[in-house]
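A structural walkthrough
One-letter residues, chain by chain:
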Amino acid sequence: MKLFLDTADIDEIRTVNSWGVLDGVTTNPTLFGKVKGMTYEEVLQEICGINGGPVSAEVVADDVEGMLREGRHYAKLADNIVVKVPMSENGLAAMSRFKAEGIKTNCTLIFTANQGLLAAKAGASLLSPFVGRVDDINEDGMQVIRELAEIIRFFEYDSEVLTASVRHPRHVTEAALNGSHIATLPFKVFQQMVHHPLTDKGIVQFKRDWEAARAALNDGAKEASPKREPAKVG
Ligand code: E4P
């Protein structure tokens, strides 16, 4: 399963990239709004220079021509840019045009398997159901992942299911078990996946025991060394 980082924060991307587990990055206008002092283009180029996986750049136009104009512009910034297009009638039209032009797309704001099916037929490379936002309205976000992943595999569509709007590590495990090809995670969830209280406790204990063992060895060596005779050969 591939893991993407859901952020536009360069430091967070550098950190997870250094762990050797990062397969791509997703951004959106809200995440870009948290970055200070850089244009969206500058942010995207910097991210693409750090990680060679797909980097999603989201369009905000409502009309097809506007989506195409923005998407073509972002696609020129780097080879690994994927244009993120919202699910809508115009979005579907834009995604099928991007497909014909060889520009990869990530269909965002998917909330049902049917929306994902339409995006796959329009030629989107990535299908992004928002599990957290579905859970927020007291429905089952993982059901969308389960249904869509099964449809994509059954009909062998050339699209990947990207579980988005991830809120906690359990979403990642469930997305994997339900056949999602990718999950995009906030930085905090990546950190939560690394840590476990027993792991952290165990690291402290092993270090303490190691230092105690070394100290005992040194003390023993100091006591023994004045009396030690060279070993006789033969
Ligand atoms: C990623 O592609 C989505 O834009 C993102 O996961 C949405 O997450 P949110 O529901 O936490 O805003």
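Here the structure is a predicted model, which means the values were calculated and not measured. (Residues numbered from 1 in each chain as written. Predicted model: local features only at pLDDT ≥ 70, side-chain atom pairs only at ≥ 80, totals over all residues. Heavy atoms only, no water.)

Let's talk about the overall build of the chain
Helix and strand content of the chain: 11 helices and eight strands. Considering only C-alpha atoms, the chain reaches an extent of 90 × 40 × 40 Å along its principal axes. Among the 234 residues that make up the chain, the fraction classed as buried is 44%. The contacts of the chain with a sequence gap of at least 6 include a subset with a gap of at least 24, amounting to 56%. Summed over all atoms, the accessible surface of the chain reaches about 13,100 Å², with 54% contributed by carbon and sulfur. Here the chain contributes 26 positively and 32 negatively charged side chains, and the mean placements of these two sets differ by 7 Å. (Helix = DSSP H or I, 4+ residues; strand = E, 2+ residues; numbered from the N terminus. Buried < 20%, exposed > 50% of the residue type's maximum accessible area, 1.4 Å probe, protein only. Contact = heavy atoms within 4.5 Å. Areas by Shrake-Rupley, 256 points an atom, 1.4 Å probe, with all protein chains shown as cover. Lys, Arg positive; Asp, Glu negative; His and termini not counted. Charge placed at Lys NZ, Arg CZ, Asp CG, Glu CD.)

What to know about helix α4 (residues 64-75)
Given a rise of 1.5 Å per residue, 12 residues ought to cover 16 Å, and the 16 Å separating the end C-alpha atoms of α4 matches this to within 8%. Close packing links the buried residues of α4 with α3 (40-50), β3 (55-58), β4 (81-86) and α5 (89-101). (Expected span 1.5 Å × (residues − 1).)

Remarks on the side chain of D6
Residue placement: D6 occurs in strand β1 (residues 2-6). At a separation of 2.8 Å, a polar atom in the side chain of D6 contacts the side chain of T26. (Polar contact = N/O pair within 3.5 Å; in protein donor to acceptor, adjacent residues only side chain to side chain.)

Overview of the sheet that holds strand β5 (residues 105-110)
Read once around its circumference, the closed barrel built from eight strands follows the order β1-β2-β3-β4-β5-β6-β7-β8, with strand pairing classed as parallel. Going from strand to strand, the sheet's axes swing by 30° on average, the running direction of each strand aside. Note: β4 against β5, four bridges, orientation parallel. In the strand pairing of β5, V83 is matched with T105. Taken strand by strand, helix α6 (residues 113-122) contacts β5 and β6 (126-129), and its axis lies near 165° from that of β5. (Pairing = 2+ DSSP bridges. Axes fitted to C-alpha atoms, helices over the stretch in contact; angles between N-to-C directions.)

Let's talk about the packing of aromatic side chains
The geometry of an aromatic ring pair is captured by two quantities: the separation of the ring centres and the angle between the planes. Taken as a whole, this structure holds six aromatic pairs when the rule is applied. For the ring pair F32 and Y40, a centre distance of 5.0 Å and an interplane angle of 45° mean the geometry is tilted. Residue classification places Y40 among the buried positions, given a relative accessible area of 9%. Where F155 meets Y157, the ring centres are 6.3 Å apart and the plane angle is 50°; that geometry is what we call tilted. Members of the aromatic cluster, joined through ring pairs, are F32, Y40 and Y74. (Phe/Tyr/Trp six-rings, centres within 6.5 Å; stacked < 30°, edge-to-face > 60°.)

Side note on the site of the ligand
For the ligand, the full set of nearby residues is D6, T26, N28, K84, F130, R133, A164, S165 and R167. A distance of 2.6 Å separates an oxygen atom of the ligand from a polar side-chain atom of D6. Separating an oxygen atom of the ligand from a side-chain N or O atom of N28 is a distance of 2.8 Å. Contact with the protein chains removes 84% of the 340 Å² of surface that the ligand exposes when unbound. A class-by-class count of the residues in the shell around the ligand yields two nonpolar, three polar and four charged. (Near = heavy atom within 4 Å. Nonpolar A, V, L, I, M, F, W, Y, C, P; charged D, E, K, R; others polar.)

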